[in-house]
Amino acid sequence: MRQSHQLPLVGLLLFSLIPSQLCEICEVSEKNDITPLLNTMIHSKYTRGPSTANVLLSLKLVGIQNQSLRQEMIKQIKYNVKMRVSDLSSGELALIILGLGACRSPEETLIYDYHLIDQLENKFQAEIKNMETHNDNPLTNYYQLSLDVLALCLFDGNYSTAEVVKRFNPENKNYYFGSQFSVDTGAMAVLALTCVKRSLINGQVKADGGDLMKISNYTKSLVDKILSKKKRNGLIGNTFSTGDAMQALFVSSDYYNENEWNCQETLKAVLMKISQGAFSIPTAAAQVLPALLGKTYLDVNRDSSCVSGSGNFNISIPEPVTVTPPESQSNISVNYSVRINETYSANVTVPEGSVFLAVMEKAQEINQTIFCFTMEESQWGPYITSVQGLWASNDDRTYWELLSGGKPLSQGVGSYVVHNGENLEVRWRTY
Ligand code: CBY
């Protein structure tokens with residue numbers, strides 16, 4: 001065929017391809033939609049907390065560049081790795097590596113200056129060792145083990161493929177809390193397994209032939225479990241797991257049919273939650289943002305992918321919205337119980353708009369022996385570690401569950417706002 005005849009054909013081909021590709025793009029089109037997330041992440045007091053690495057990773061992945069903010073976050077991370085690297089959990093260190101290493105930026109050298117990969121290898125080993133001595137229970141959890149494998153895989157650290165195959169079987173109890181499959185955990189495992197699979201295929205990592213097959217089967221099964229948690233409104237799991245689930249589904253499209261997941265519907269559901277102010281914790285905002293712009297944690301080590309489709313987000317830092325509390329605050333009263341085997345209850349009065357933690361503090365004032373508790377700061381706000389002197393333990397898979405009207409809450413004590421007449425409970429549980 002002569003070239004002049006080929007041209008209309010090529011044109012026709014392009015024409016038929018473009019519309020279908022445009023339809024498949026599942027990203028926010030209106031940048032204002034994500035302004036509340038940026039507000040939460042960027043407001044300076046948050047760049048110092050335990051969520052710094054998550055925020056840095058997220059902003060870099062979506063191509064938001066603000067030098068002064070970036071410098072401040074890197075300073076904070078440097079301080080953490082210099083002064084308290086031994087206190088960091090394995091997943092926290094993995095997130096620091098991902099945040100520093102994303103997008104081939106100058107701060108990547110800090111990973112090597114501070115030997116962070118070696119340190120992560122050691123922390124990952126310690127997780128495995130704990131599983132061997134404590135009935136298969138890691139020091140932390142499988143969400144963090146997945147972050148570890150992901151960071152080691154993306155930054156050429158040492159890990160054993162055989163160990164990954166042994167541990168990440170989808171039937172492993174660590175994917176479940178009680179009888180519930182944890183979508184967040186499964187999604188992070190899919191990202192880690194996909195990275196390992198790609199390394200095996202590229203020949204970067206050696207393994208026996210069966211490993212690749214097993215990793216593929218695990219991925220398929222995890223993807224099925226994630227999709228089975230799809231809600232009618234489009235969310236997957238709950239509001240806070242949906243971003244991670246989207247990332248997992250982006251990288252595993254070979255494992256499900258087009259009609260099994262409507263990405264647009266999920267995106268719409270998340271945007272609705274954003275407009276309702278659901279992502280008010282920096283970690284929550286940082287975790288959901290990459291997926292909304294079509295990015296995943298596997299993009300971390302690709303040179304060109306840290307900019308959004310339309311070029312870098314040239315965004316001006318939004319001013320934080322200041323909320324003025326209502327002038328006359330009325331009180332509400334709730335019922336609060338601590339349940340171990342017996343149930344201990346009290347009626348507690350708190351100002352309207354109070355969070356769960358305020359109820360626990362008030363109850364503690366009423367009766368120090370029955371309602372005393374301790375907590376520690378996590379990336380998601382305060383986490384209750386003990387009540388009545390009874391301590392949660394990862395080795396024993398025990399924790400203090402938060403409930404309202406007998407149903408588990410999907411927010412922590414620092415963010416759940418209580419209502420008049422509510423029955424609140426902290427319950428000693430095995431997961
Ligand atoms: N991150 C982690 O290590 C945490 C991993 C995670 C799967 C996490 C959810 C998901 C995520 N994206 O980070 C997780 N939770 C775990 C592993 C756990 C267990 C922690 C112990 C362990 N083995 O490490 C455990 C005990 C089962 C657990 N979560 C308990 C709770 C309850 C906390 C109550 C308390 N004592 O303070 C609570 C409030 C559930 C309840 N009703 O009791 C809870 N978790 C919630 C709600 C959540 C969500 C937080 C959402 C929010 N807006 O605050 C969560 C995102 C998260 C954090 N847990 Co856990 C899950 C969700 O709803 N989608 C990595 C590290 C580097 O940061």
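Please read all numbers here as calculations on a predicted model, not as lab measurements.

Examining the sheet that holds strand β9 (residues 407-408)
Item 1. With mixed pairing, the 5 strands of this open sheet are ordered in space as β4-β3-β10-β8-β9. Sheet topology places β4 (343-351) and β9 at the edges, where each strand pairs with a single neighbour.
Item 2. Sheet strands in contact with helix α15 (residues 356-366) are β3 (331-339), β4, β8 (398-404) and β10 (423-430), and its direction is about 115° off that of β4.

So, the pairing of β10
Item 1. Relative to β10, β3 runs parallel, the two sharing 5 bridges. Counted as the bridge partner of V338 is V426 from β10.
Item 2. Both β8 and β10 contribute to a ladder of 7 bridges, which runs antiparallel. Note on β10: the bridge partner recorded for E401 is R427.

So, the sheet that holds strand β5 (residues 373-378)
Item 1. Spatially, β5-β6-β7 is the arrangement adopted by the 3 strands of the open sheet, whose pairing is antiparallel. Each edge of the open sheet is held by one strand with a lone partner, namely β5 and β7 (390-391).
Item 2. Note: β5 against strand β6 (residues 381-387), 6 bridges, orientation antiparallel. Looking at β6, one finds that E376 is bridged to Y383.
Item 3. Along the sheet, α15 makes contact with β5 and β6, crossing β5 at roughly 155°.

Notes on the site of the ligand
Item 1. Around the ligand, 29 residues are found, and the nearest of them are N141, Q144, N238, L409 and Y431.
Item 2. In the model, an oxygen atom of the ligand is placed 2.7 Å from a nitrogen or oxygen of the Q144 side chain.
Item 3. Between the ligand and L402, the relevant distance is 2.8 Å, taken from an oxygen atom to a main-chain nitrogen or oxygen of the residue.
Item 4. Put simply, the parts of the chain that give the shell around the ligand at least two residues each are α5 (90-101), α8 (142-154), α10 (183-201), β6 and β8.

Side note on the domain arrangement of the chain
Item 1. Assigned domains of the chain: these are domain 1 (34-299) and domain 2 (331-430).
Item 2. When each unit is reduced to the centre of its C-alpha atoms, the spacing between domain 1 and domain 2 is 29 Å.
Item 3. The interface of domain 1 with domain 2 comprises 19 residues on the first partner and 10 residues on the second.
Item 4. Taking both sides of the interface into account, the surface hidden between domain 1 and domain 2 amounts to around 1,300 Å²; carbon and sulfur atoms contribute 49%.
Item 5. Its largest share of buried area at the contact with domain 2, domain 1 owes to P50, F240 and I281, together 33% of the area lost on that side.
Item 6. Here domain 1 is connected to domain 2 by 0 salt bridges.
Item 7. For the pair domain 1 and domain 2, the interface holds 9 residue pairs in polar contact (both at pLDDT 80 or more).

A closer look at the UniProt feature "domain: Transcobalamin-like C-terminal" (unreviewed entry) in the chain
Item 1. The positions UniProt marks with the feature "domain: Transcobalamin-like C-terminal" (unreviewed entry) are residues 353-428.
Item 2. For residues 353-428, the end-to-end C-alpha separation is 26 Å, with 20% helix and 39% strand making up the annotated structure.

What counts, and where the lines are drawn
- Residues numbered from 1 in each chain as written.
- Predicted model: local features only at pLDDT ≥ 70, side-chain atom pairs only at ≥ 80, totals over all residues.
- Heavy atoms only, no water.
- Pairing = 2+ DSSP bridges.
- Helix = DSSP H or I, 4+ residues; strand = E, 2+ residues; numbered from the N terminus.
- Contact = heavy atoms within 4.5 Å.
- Axes fitted to C-alpha atoms, helices over the stretch in contact; angles between N-to-C directions.
- Near = heavy atom within 4 Å.
- Polar contact = N/O pair within 3.5 Å; in protein donor to acceptor, adjacent residues only side chain to side chain.
- Domains from an automatic or database assignment.
- Buried area = accessible area lost by both parts, 1.4 Å probe.
- Salt bridge = Lys/Arg side-chain N within 4 Å of Asp/Glu carboxyl O.
- UniProt positions renumbered as here; feature names shortened; annotations may be inferred.

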